[in-house]
Number of protein chains: 2
Amino acid sequence: MKKLIIASTSTVHGGSYLDYLLPALENHFKDCNEILFIPYARPGGISHDDYTANVGLAFAKINKAIKGLHEFENSTEAIQKAQGIFTGGGNTFLLVTQLYQNNVMEILAETLKKGTPYLGTSAGSNITGLTMQTTNDMPIIYPPSFKTLGLIPFNLNPHYLDPDMNSKHMGETRETRIKEFHAFNTTPVLGLREGSWLEVAGEKIILKGSLTARLFQQNQTPEELAPETDLAYLEM
Amino acid sequence: MKKLIIASTSTVHGGSYLDYLLPALENHFKDCNEILFIPYARPGGISHDDYTANVGLAFAKINKAIKGLHEFENSTEAIQKAQGIFTGGGNTFLLVTQLYQNNVMEILAETLKKGTPYLGTSAGSNITGLTMQTTNDMPIIYPPSFKTLGLIPFNLNPHYLDPDMNSKHMGETRETRIKEFHAFNTTPVLGLREGSWLEVAGEKIILKGSLTARLFQQNQTPEELAPETDLAYLEM
């Protein structure tokens with residue numbers, strides 16, 4: 001039975017890394033002493049070691065040890081044997097490229113479908129969707145494919161931002177970009193605002209946090225979904 | 001001798017399509033009666049015909065006829081014989097995919113190097129750089145390559161936005177995204193603000209408009225370049 005927490009952001013404004021999620025994570029990872037961390041998205045280009053150390057500091061608050069996937073000789077085995085797995089944020093193009101280059105995209109999907117508890121934030125959440133095609137990130141590296149884990153039956157847009165009606169900027173709004181995606185793709189897209197997350201338990205996909213989320217479907221008016229909505233109905 | 005206008009945006013706040021550029025375009029395209037328009041980036045997913053018609057309305061103000069590349073049987077010949085060429089904005093992933101699928105990326109680069117006057121706005125400007133890897137667009141389609149025309153010796157970030165110090169949003173700023181690019185790539189990146197453009201005449205690459213532009217180089221502090229700066233010195 002799938003057991004996932006899929007968060008828009010690691011950090012909310014004014015908070016510290018992961019702190020708003022720690023109560024949920026304590027329960028989510030209650031059977032884990034050690035969590036496997038996938039540092040591939042490397043925010044700002046920091047090293048895998050530094051990123052893993054930062055994550056370790058946050059998880060120490062709920063008495064979990066963290067080990068980076070890059071520390072293992074055999075990545076496949078590390079994923080299969082992990083008690084719990086966390087993929088952090090950064091650049092989604094880099095994350096997806098590294099997952100393919102290290103040949104672990106498929107084994108990660110299989111492992112999570114079997115029930116290993118998972119946390120994703122930002123880029124680490126993006127990859128739980130069908131494709132990475134609704135990321136906000138810059139294409140700093142060319143991935144072998146945009147296909148991702150497919151653990152939920154739609155795509156995510158983390159850090160979702162409402163249009164700023166006072167802005168003089170002429171670049172596309174987030175909503176316009178997602179509309180462009182739907183000119184060529186049928187996959188639904190969930191705009192997940194900072195502070196929101198999805199809790200996936202088996203077939204249920206529940207919106208958590210205090211905010212609504214914005215659901216975009218092809219040729220339909222976007223709708224606001226209330227917290228506690230179950231998005232499992234998007235399964236085709 | 002190359003002859004290019006590379007603009008951050010087609011439209012500045014409060015203005016209408018291309019109007020702020022028309023005086024420069026009148027001179028730039030002075031020897032052209034008809035301009036070939038490349039509508040592949042299709043903003044918002046509108047049709048090639050509709051996009052071309054909109055562009056025709058703007059160019060009618062300076063008495064230029066517009067014909068869409070999609071109206072020609074032979075795209076290669078259309079590009080080679082064009083008096084002038086304009087590539088409009090929209091989604092860069094879509095634009096680059098279509099240029100490759102229609103087999104015109106190379107012929108477009110060759111033709112523009114020989115001196116056919118060119119205008120690019122937004123996505124149509126992005127493609128004049130070495131790669132499309134510093135676009136702001138969403139990866140709505142998977143292009144065969146991120147490599148672009150290479151008409152200037154650096155990459156562009158059109159619609160460049162300064163960090164908003166009052167924002168509570170935790171997503172990456174534009175500067176952070178470009179820094180991530182430079183963690184893995186050496187290509188310089190020019191952040192071109194809305195209302196700025198580059199005028200390329202042979203070897204010269206002059207910053208035009210009233211604003212400064214922000215130049216990012218790997219392992220260097222970003223710098224602000226004044227209008228009339230010649231960026232040709234970035235040639236390696």
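Criteria and thresholds
- Residues numbered from 1 in each chain as written.
- Chains lettered and ligands numbered in written order.
- Predicted model: local features only at pLDDT ≥ 70, side-chain atom pairs only at ≥ 80, totals over all residues.
- Heavy atoms only, no water.
- Helix = DSSP H or I, 4+ residues; strand = E, 2+ residues; numbered from the N terminus.
- Rg over C-alpha atoms; globule rule 2.2 N^0.38 Å.
- Buried < 20%, exposed > 50% of the residue type's maximum accessible area, 1.4 Å probe, protein only.
- Patch = residues over 30% accessible without salt bridge, like charges linked within 9 Å, V, L, I, M, F, W, Y side chains within 5 Å.
- Areas by Shrake-Rupley, 256 points an atom, 1.4 Å probe, with all protein chains shown as cover.
- Salt bridge = Lys/Arg side-chain N within 4 Å of Asp/Glu carboxyl O.
- Lys, Arg positive; Asp, Glu negative; His and termini not counted.
- Charge placed at Lys NZ, Arg CZ, Asp CG, Glu CD.
- Pairing = 2+ DSSP bridges.
- Axes fitted to C-alpha atoms, helices over the stretch in contact; angles between N-to-C directions.
- Contact = heavy atoms within 4.5 Å.
- 1 Å grid on protein atoms, 1.4 Å probe; cavity = no way out; pocket = protein on both sides within 12 Å on 5 of 7 lines; lining within 4 Å.
- Points joined across faces, edges and corners; volume = space filled by probe spheres on them.
- Least-squares fit on C-alpha atoms with pLDDT ≥ 70 in both.
- Buried area = accessible area lost by both parts, 1.4 Å probe.
- Polar contact = N/O pair within 3.5 Å; in protein donor to acceptor, adjacent residues only side chain to side chain.
- Nonpolar A, V, L, I, M, F, W, Y, C, P; charged D, E, K, R; others polar.

Caption draft 1: Region of interest: the overall build of chain A. Counting secondary structure elements, chain A contains seven helices and 11 strands. For chain A, the C-alpha radius of gyration of 17 Å lies close to 18 Å, the compact-globule estimate for 236 residues. For chain A, the C-alpha atoms occupy an extent of roughly 45 × 40 × 35 Å along the three principal directions. Residues counted as buried form 59% of the 236 residues belonging to chain A.

Caption draft 2: How the structure looks around a negative patch on the surface. Residues and elements named next belong to chain A. Residues Glu 34, Asp 49, Asp 50 and Glu 71 make up a contiguous surface patch of negative charge. Take Asp 50: it is sitting in helix α2 (residues 48–60). Among the residues examined, Asp 50 registers a relative accessible area of 45% and is labelled partly exposed.

Caption draft 3: Region of the structure containing the sheet that holds strand β8 (residues 197–201) of chain A. Residues and elements named next belong to chain A. Taken in spatial order, the seven strands make up an open sheet running β3-β2-β4-β5-β1-β8-β9, and their pairing is mixed. The sheet terminates laterally at β3 (65–68) and β9 (204–208), the two strands that pair on one side only. Neighbour-to-neighbour, the strand axes of this sheet turn through a mean angle of 20 degrees, independent of strand direction. Of the pairings in the sheet, the one linking strand β4 (residues 85–87) to strand β5 (residues 118–121) comprises three bridges and is parallel in character. Opposite Thr 87, over in β5, you have Gly 120 as the bridge partner. The sheet contacts of helix α5 (residues 105–113) involve β1 (3–7), β2 (34–38), β4 and β5, and relative to β4 the element is tilted by about 130 degrees.

Caption draft 4: The arrangement of the layout of surface pockets in detail. Approximately 1000 Å³ is the volume attributed to the largest pocket. Lining the largest pocket are 31 residues, with Leu161(A), Arg174(A), Leu161(B), His169(B) and Arg174(B) sitting closest to its centre. Elements with a contribution of two residues or more to the lining of the largest pocket: α7 (174–182) of chain A together with α7 (174–182) of chain B. Empty space within the second largest pocket amounts to approximately 440 Å³.

Caption draft 5: Representation of the relation of the copies chain B and chain A in the model. The transformation that overlays chain B on chain A combines an axial shift of 0.0 Å with a rotation of 180 degrees, and the residual RMSD is 0.0 Å. Given the turn and translation reported, the copies of this chain are related as if by a two-fold rotation axis. When the interface residues of chain B are mapped onto chain A, 100% of them are again interface residues, pointing to one common binding face.

Caption draft 6: Looking closely at the interface of chain B and chain A. Every contact between the two is made by 46 residues of chain B and, on the other side, 46 residues of chain A. Taken over both partners, the interface formed by chain B and chain A buries close to 3800 Å², and the fraction arising from carbon and sulfur atoms is 63%. The largest contributions to the chain B side of the interface with chain A come from Met138(B), Ile140(B) and Tyr142(B), which together make up 19% of the buried area. Connecting chain B to chain A are two salt bridges. Where Arg177(A) meets Asp137(B), a salt bridge forms, and the shortest distance between an N and an O atom there is 3.3 Å. Where chain B packs against chain A, one counts 25 residue pairs in polar contact (both at pLDDT 80 or more). Of all elements in the fold, only α4 (92–101) and α7 of chain B reach the threshold of two or more residues within the side of chain B that touches chain A. Per element, the largest residue contribution to the side of chain B that touches chain A is six residues, and it comes from α7(B). Partitioned by chemical class, the residues of the side of chain B that touches chain A number 19 nonpolar, 18 polar and nine charged.

Caption draft 7: Looking closely at the pairing of strand β1 (residues 3–7) of chain B. Residue and element names in this part refer to chain B. In terms of burial, β1 is largely enclosed, as four of its five residues are buried. In this structure, β1 lies alongside strand β8 (residues 197–201), joined through five bridges in antiparallel fashion. Bridge pairing in β8 places Leu 4 opposite Val 200. Where β1 and strand β5 (residues 118–121) come together, four bridges link them in parallel fashion. Bridged to Ile 6 within β5 is Gly 120.

Caption draft 8: Structural detail: the pairing of strand β10 (residues 213–216) of chain B. Residue and element names in this part refer to chain B. Neither face of β10 is exposed, since Ala 213 and Leu 215 on one face and Arg 214 and Phe 216 on the opposite face are all buried. Where strand β7 (residues 189–191) lies against β10, three bridges are found, and the strand directions are antiparallel. What sits directly across from Leu 190, in β10, is Leu 215. Summarising the sheet, β10 and strand β11 (residues 223–225) pair through three bridges and their orientation is antiparallel. Bridging across to β11, Leu 215 finds its partner in Glu 223. Taking the residues that link successive antiparallel strands as the turn, the β10-β11 hairpin has six residues, and the phi of Asn 219 there is positive, at about 60 degrees.

Caption draft 9: Seen up close, the pattern of salt bridges. Residue and element names in this part refer to chain A. Counted according to the given criterion, the structure contains 16 salt bridges over all chains. Between Arg 193 and Glu 224 there is a salt bridge, with its nearest N and O atoms 3.0 Å apart. Of this pair, Arg 193 sits in the loop between β7 (189–191) and β8 while Glu 224 is found in strand β11 (residues 223–225), placing the two residues 31 residues apart along the sequence. Among the residues examined, Glu 224 registers a relative accessible area of 37% and is labelled partly exposed. A salt bridge links Glu 224 to Arg 214; its shortest N-O distance comes to 2.9 Å. Taken as a pair, Glu 224 in strand β11 and Arg 214 in strand β10 (residues 213–216) lie far apart in primary sequence, 10 residues in all.

Caption draft 10: Empty space enclosed by the protein, seen in detail. As enumerated under the stated definition, the model contains two cavities of 30 Å³ or more in all. Estimates place the volume of the largest cavity at around 60 Å³. As for the largest cavity, its lining consists of Gly90(A), Thr92(A), Ser122(A), Ala123(A), Asn126(A), Thr135(A), Asn136(A), Asp137(A), Pro158(A), His159(A), Glu172(B) and Arg177(B). For the lining of the largest cavity, a count of residues per class yields two nonpolar, seven polar and three charged. Reported here for the second largest cavity is a volume of approximately 40 Å³. Around the second largest cavity, the lining residues are Thr92(B), Ser122(B), Ala123(B), Asn126(B), Thr135(B), Asn136(B), Asp137(B), Pro158(B) and His159(B).

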